[in-house]
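Given next are the chains, with one letter for each unit.
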Amino acid sequence: MQLDTFADERMNILYALSFMCRGIAQVWAKNETNVVLSHSSTFTTLTELLAGITRTFGDPDQERTVHAQLHALKMTMGMTADEYTARFEMLAEGPASMRQL
């Protein structure tokens, strides 16, 4: 997204909402746009908005998210081999199993 193009976070949020133009997402975005324009939105940053979208609609690309998590998975100090293996298996099984982490 063109984060440097806009003067403030409010404009970033409105720009992101402008892409939600179909189905129930369009209705949600229109309502949220009105709230942002009335200066009463609970979202003060683009990151908060994106988290809100994910909470509301779920992850639109679960496969890519899991792939990125598998790629980033590393043994860390204090992690046992069993813990690492369990995390790997949970990621490999898919997003539903990650809710347990």
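Higher on the page you've got the structure.
Enquirer: Provide a residue-level description of the packing of aromatic side chains, including the pertinent values.
Expert: Counted by the stated rule, this structure contains three aromatic pairs. Note on tryptophan 28 and phenylalanine 43: the rings are 6.4 Å apart at their centroids and 55 degrees apart in plane angle, and the pair reads as tilted. Here phenylalanine 43 lies in the loop between helix H2 (23-37) and helix H3 (46-57) and tryptophan 28 lies in helix H2, a separation of 15 residues in the sequence. Members of the aromatic cluster, connected to one another through ring pairs, are Trp28, Phe43 and Phe57.

Enquirer: Pulling in residues and values, what's your account of the pattern of salt bridges?
Expert: For side chains bearing opposite charge, pairing can occur when the charged atoms are close. If you walk through the whole model with that rule in mind, you get one salt bridge. The shortest N-O distance in the salt bridge between aspartate 61 and arginine 64 comes to 3.7 Å. Owing to a relative accessible area of 33%, aspartate 61 belongs among the partly exposed residues under this scheme.

Enquirer: Describe in detail the nonpolar core, supporting the description with residues and values.
Expert: Residues Ile13, Leu14, Ala16, Leu17, Met20, Ala29, Val36, Phe43, Leu46, Leu49 and Ile53 constitute the largest nonpolar core, which totals 11 residues. Sorting the residues of this core by element identifies helix H1 (9-17), H2 and H3 as the ones contributing at least two each. For this core, the leading source of residues is H1, giving four residues. Once you skip the residues sitting within four places of it in the chain, valine 36 turns out to touch Arg10, Ile13, Leu14, Leu17 and Ser41.

Cut-offs used in this document
Residues numbered from 1 in each chain as written. Predicted model: local features only at pLDDT ≥ 70, side-chain atom pairs only at ≥ 80, totals over all residues. Heavy atoms only, no water. Phe/Tyr/Trp six-rings, centres within 6.5 Å; stacked < 30°, edge-to-face > 60°. Helix = DSSP H or I, 4+ residues; strand = E, 2+ residues; numbered from the N terminus. Salt bridge = Lys/Arg side-chain N within 4 Å of Asp/Glu carboxyl O. Buried < 20%, exposed > 50% of the residue type's maximum accessible area, 1.4 Å probe, protein only. Core = buried A, V, L, I, M, F, W, Y, C linked by side-chain atoms within 4.5 Å. Contact = heavy atoms within 4.5 Å.

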